[in-house]
Amino acid sequence: MAWSVPGYTEVRQLGSGGSGRVVLAVHDDTGADVAIKYLSERVRHEPGALAAFRAEAELLTTLVDPHIARMWEYVQEPEGAAIVMELVNGVSLRALLRENGTTGPEAALVVLKGSLLGLERAHIAHLVHRDYKPENVIVRDDGISKLVDFGIAVRHGTATRATGTPPYMAPELWSGRPASPATDVYAATVVFFECLTGHRPYRSTESHVLGYQHLYAPVPIHDAPEEMRELIGRGLAKDPAERPPSAAAFVAEVEAAAVAAYGEEWEERGRRRLAALVGLLAFLLPLPEPPPPAAGSTFFRTVFDAARRNGRRLLMGTTATVAAAGAAVYVLASAEPPPATTVDAVAAAPSLTPELPSPASVPSESAEAGGRGGTEPGGEPGGATTLPPGPATTPTVPPPTAKPPTTAPPTTAPPTTKPPTTKPPTVTPTPSPRPPTAVSALDVGGLTVGADAVAAATVSLRTTGTDAVTVTARFAVDGEVVRTATSRVRGAVSYTRSFSHGLGERACGRTVTLTVSTSPAAPGGAKSVSAAVPACPTRVTGLRVSLDLAKAPGRAVTARVFVATSGTGQVGMRAFVALDGERVATTSASLSGRDSYTRDVTHTFAQRPCGRTVTVTVRAGGRQATARTGVPCEAAVRRVSIARASLDARGRATAIVTVATTTTQPVRLSVTYTLAGRVQHTESLDLSGQTAYTRTVAFTFAKAPCGSAWGVTVATAPSAANGSDSGGGTTPACRPQVETESPKPDDSQQDTENINPDLGLDRY
């Protein structure tokens, strides 16, 4: 038989693969449903496999987030190794896509946002998942999704061999570069594309071809809805520097795009759509009908008891972390040290799914905003972890032993009458009253506020008895209470409790105070500790860019950038100028001292980029804005003129025209002929490819009366700097009529010479 984790009863197998199997199991003491991931026997004996499996468990203890399946326990024995995890009652995103093809845009956005939030938690811990894909996203029956399988996650910047699932691997992994949060952003966008279109952007079955596509092939954004194309283009950029730098930065862009495309209610509709898709596959759910919540002792107490009973069980971490749904976290640790064989304690958070029992549904504490009290079902007010006190010793006197009746033998003599026997009374002594339990000492350790804005402190408590004591912790920011937590302890005389609360950005630059009180009161009353929170780094809250091109023949482009920030701290800004997609200039600037800025970024080209596209991309504080425009290139005509114009005896007008331009762009030359003030003819010529032109134009008037004005006018489109030019003259004056006489023989030659006078006229 295969080895199984002690203390659990396996129900059925949920899945299997080359590295192991996952089973649905029930915790014997609590009845809580869990998922157990077993390392296969074959893989367990491979060098380094067991260490890697344990490293995955250690990593999971740091990832407490509603969008990540939590780890409850790591168990390693000579017979095997396993990770006990939260059971997510859902189906894989792969199953949904296999059944439906696509999810629809709003549902795809919900999956993308949930995945990015889970990846964000890993990125905060400087971890990169590296294997994000539909198989590792579980969608619950309420439409919420969770990430699983951090088996090949690495530290940000770690140089390793290319590892992952090829269709979802970012270009930098194919080229052997280190993974970064942008690597996960790329994989998440591939899955988003698949949810929208029903197929991955690159689908080659040949590994080397697939790698080439990820590295160099254009992104097929036209397969996706138009509203989502810019989002996909950002997430699938070939250069990691061109993508959002982290999942957190991408979430803001996803939400903005979703609201712009589908309105404020997009997320609620998307979750309903996902829930409906999961409902169609209800037969695949691990728990089709949620069982009633388990009662009795808490899961963590049972785990610790089981760990003490089993010296070979290894638990991850030194405390059991319980996170309330409101983001406050309370850590419980018994003052009694565990046996030497217990290496660590599990770190986990409670399920945020109220309809499903979770191994972390610990009724050990109550935590609520604004200081409201609460009662956990099945327990005392405040949901305390109750260690029942030992029974009071009540001495009793056993009742006297009654003698068995005796039967006299039959006789004829009269019976003998014995005197009655008096039994001694039963005496029950009154027990001595126990003095009430009092708090003899209360100590609050130093309050710390980590880089993740979580305030934490450790509270030590000593009492004079084992009766219940209530501990109340209040977190305040600049005197305003923002969180109240109540813990009820009993069964011992020494306790250690750690309280923590996620403050978020509202505590930046302010003072956080933790005040702890007990009931009954400790000597000296409540104890308080305070910590000053550093000012939050300035965030960019708005970014816009617009473009302005100089008129032809100008060569400069100016980008006007507007930046809005959350504070006056320093913010870096970079602007990239590209021509037809190829970067030609980069400008950097540092902004500080204000909460809004307007900056102009100017670039001058060597020559006007006629007919091409100029793009300016600006990045600041994780945001990006882009503006682009095409460059019109009209020709500029410096001058148009008529060098010579003449009219011959046959009425043919001829003109020599010159045109000078600044570019080789096309120019249209228009020529108009007039006679006696009336337009007789118009014609056009197209000029291009040069910057200087000379053309001879001509037109023959049908009838040129004597003494009439004629002319030629030339103009260009676009207009020349001098506008237009004209040339022309007057036909010869009419000759007076004389009486005809018989020609003299010697006058014939003279008359012949006067018949065809030269009608030409030269203006110059």
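Residues numbered from 1 in each chain as written. Predicted model: local features only at pLDDT ≥ 70, side-chain atom pairs only at ≥ 80, totals over all residues. Heavy atoms only, no water.

The protein goes by non-specific serine/threonine protein kinase in an unreviewed UniProt entry, where it is assigned to Nonomuraea africana. Recorded in UniProt for the protein, the comment headed Sequence similarities (unreviewed entry) runs: "Belongs to the protein kinase superfamily. NEK Ser/Thr protein kinase family. NIMA subfamily." (UniProt positions renumbered as here; feature names shortened; annotations may be inferred.)

According to UniProt, the feature "binding site: ATP" (unreviewed entry) maps to Lys37 in the numbering used here. Tracing the backbone through its elements, the reader meets lysine 37 in strand β3 (residues 33–39). (Helix = DSSP H or I, 4+ residues; strand = E, 2+ residues; numbered from the N terminus.)

Turning to the side chain of glutamate 253, a few remarks are in order. By the secondary structure assignment, glutamate 253 is in helix α9 (residues 247–262). A relative accessible area of 18% places glutamate 253 in the buried class. Residues within four places of glutamate 253 in sequence aside, it is in contact with Leu231, Arg234, Pro244 and Gly622. (Buried < 20%, exposed > 50% of the residue type's maximum accessible area, 1.4 Å probe, protein only. Contact = heavy atoms within 4.5 Å.)

Inside soluble globular proteins, nonpolar side chains tend to come together where they are buried. The biggest cluster of nonpolar side chains holds 72 residues, and the ones touching the most others in it are Leu96, Tyr132, Phe150 and Phe192. Once residues within four sequence positions are removed from consideration, leucine 96 is found in contact with Val91, Gly101, Val139, Leu274, Leu277, Val278 and Leu281. The next biggest cluster of nonpolar side chains, apart from the first, holds 27 residues, and it includes Leu442, Ala455, Leu461 and Val516. (Core = buried A, V, L, I, M, F, W, Y, C linked by side-chain atoms within 4.5 Å.)

Position of glycine 630 among the secondary structure elements: in strand β29 (residues 623–630). Among the residues examined, glycine 630 registers a relative accessible area of 45% and is labelled partly exposed. Put simply, glycine 630 and valine 614 are 16 residues apart on the chain and 6.2 Å apart in space, counted from C-alpha to C-alpha. Non-local contacts of glycine 630, meaning those with residues more than four positions away in its chain, are made with Leu549, Arg612 and Thr613.

Attention shifts here to the sheet that holds β3. In space, the five strands of this open sheet follow the order β1-β2-β3-β5-β4, with antiparallel pairing throughout. Edge positions in the sheet fall to β1 (8–17) and β4 (71–77), since each of these pairs with one other strand and no more. Each adjacent strand pair in this sheet contributes to an overall mean axis angle of 25°, direction not counted. Packing against the sheet, helix α2 (residues 49–60) makes contact with β3, β4 and β5 (80–86), and its axis sits at approximately 155° to β4. (Pairing = 2+ DSSP bridges. Axes fitted to C-alpha atoms, helices over the stretch in contact; angles between N-to-C directions.)

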